[in-house]
Amino acid sequence: MAILGWILIIALFAVGLAGAVYPILPGALAIYLAFFVYGWFFSFHSFGVWFWSIQTLIVAVLFVADYVVGAWGVKKFGGSRASIIGSTIGIIIGPLVLNAIGLIIGPFAGAFIGELIAGSNPGKALKVSMGSLLGLFSSTVVKVILQIVMVVLFFIWISVY
């Protein structure tokens, strides 16, 4: 049973880290679920209030970063509310329609179309779309780092406590 437990934990960590790049996957929630799998298979004894508080705070920061950093990129380059909405729609639909390349094209096209709908000229829409990509890449870096921190803290916690 221990082997099955570790297989599930590692699989959830892998899905979680992949979710930092591929937004359809549950990301931080998969990593968070891995902690429960560890508890069910082995013991919750290692986890105290500090572990859960820190991990929950990181998950909350990840959710905020996911949306705020992307929107920041659009806003930083002069984007409107329509381009933020378009970029968000693009990041959801892009990977569904165009697989991995849709991760880049989706938010770019969404921000571009949103900005055109808002009445901007194509030059400004292109600039805003580049901001959308900057926000997406920045958000991805933040998510990867924080999710790695979650996993490392888990291993430190179970080895120390």
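Residues numbered from 1 in each chain as written. Predicted model: local features only at pLDDT ≥ 70, side-chain atom pairs only at ≥ 80, totals over all residues. Heavy atoms only, no water.

Draft legend 1. Up close: a nonpolar patch on the surface. Taken together, Ile24, Ile85, Ile89, Ile92, Ile93, Leu96, Val97, Leu98, Ile101, Ile104, Ile105 and Phe137 make up a surface patch of nonpolar side chains, about 1100 Å² in accessible area. For the nonpolar patch, the secondary structure elements donating two or more residues are α4 (81–98) and α5 (102–117). Here the element with the most residues in the nonpolar patch is α4; it accounts for seven residues. (Patch = residues over 30% accessible without salt bridge, like charges linked within 9 Å, V, L, I, M, F, W, Y side chains within 5 Å. Areas by Shrake-Rupley, 256 points an atom, 1.4 Å probe, with all protein chains shown as cover. Salt bridge = Lys/Arg side-chain N within 4 Å of Asp/Glu carboxyl O. Helix = DSSP H or I, 4+ residues; strand = E, 2+ residues; numbered from the N terminus.)

Draft legend 2. View of the packing of aromatic side chains. Scanning the model with the defined rule gives 27 aromatic pairs in all. Judged by centre distance (5.4 Å) and plane angle (40°), the ring pair of Trp6 and Phe42 falls under tilted. Here the residue Trp6 occupies a position in helix α1 (residues 2–19), and Phe42 occupies one in the loop between α2 (28–41) and α3 (49–76), the gap between them amounting to 36 residues. Judged by relative accessible area, which is 28%, Trp6 ranks as partly exposed. Taking the centre distance of 6.4 Å and the plane angle of 70° together, the rings of Phe44 and Phe47 count as edge-to-face. (Phe/Tyr/Trp six-rings, centres within 6.5 Å; stacked < 30°, edge-to-face > 60°. Buried < 20%, exposed > 50% of the residue type's maximum accessible area, 1.4 Å probe, protein only.)

Draft legend 3. How the structure looks around the packing of α2 against α3. Their axes nearest at 10 Å, the elements α2 and α3 cross at an angle of 165°. On the basis of the axis angle, α2 is roughly antiparallel to α3. Remark: the crossing between α2 and α3 carries left-handed chirality. For the pair α2 and α3, contact is made by Ala28, Leu29, Tyr32, Phe35 and Phe36 and by Phe51, Trp52, Gln55, Thr56, Val59, Leu62 and Phe63, respectively. Looking at the contact of α2 with α3, its residues break down into ten nonpolar, two polar and no charged. (Axes fitted to C-alpha atoms, helices over the stretch in contact; angles between N-to-C directions. Parallel < 35°, antiparallel > 145°, perpendicular 65-115°, else oblique. Left-handed = near helix turned anticlockwise from the far one by under 90°. Contact = heavy atoms within 4.5 Å. Nonpolar A, V, L, I, M, F, W, Y, C, P; charged D, E, K, R; others polar.)

Draft legend 4. Quick look at the nonpolar core. Of all hydrophobic cores here, the largest spans 23 residues; its most connected members are Ile9, Phe13, Phe35, Phe47, Phe51, Met150 and Phe154. Elements supplying a minimum of two residues to this core: α1, α2, α3 and α6 (122–160). (Core = buried A, V, L, I, M, F, W, Y, C linked by side-chain atoms within 4.5 Å.)

Draft legend 5. Expanded view of the environment of Leu25. Topologically, Leu25 is positioned in the loop between α1 and α2. Taking the relative accessible area as the measure of exposure, Leu25 reaches 32% and is therefore partly exposed. Taking C-alpha positions, Leu25 is 6.9 Å from Val15, a pair spaced ten residues apart along the chain. Sequence-distant contacts of Leu25, that is, excluding residues within four places in its chain, are made with Val15, Ala18 and Gly19.

Draft legend 6. Molecular detail of α2. Here α2 is 14 residues long and its end C-alpha atoms lie 20 Å apart, about the 20 Å a rise of 1.5 Å per residue gives. Along α2, the residues classified as buried are Ala28, Ala30, Ile31, Tyr32, Ala34, Phe35, Val37, Tyr38 and Gly39. (Expected span 1.5 Å × (residues − 1).)

Draft legend 7. Main features of unusual backbone geometry. With a phi close to 55°, Asn99 is a non-glycine residue in the positive phi region. Within the fold, Asn99 resides in the loop between α4 and α5. Since its relative accessible area comes to 53%, Asn99 is described here as exposed.

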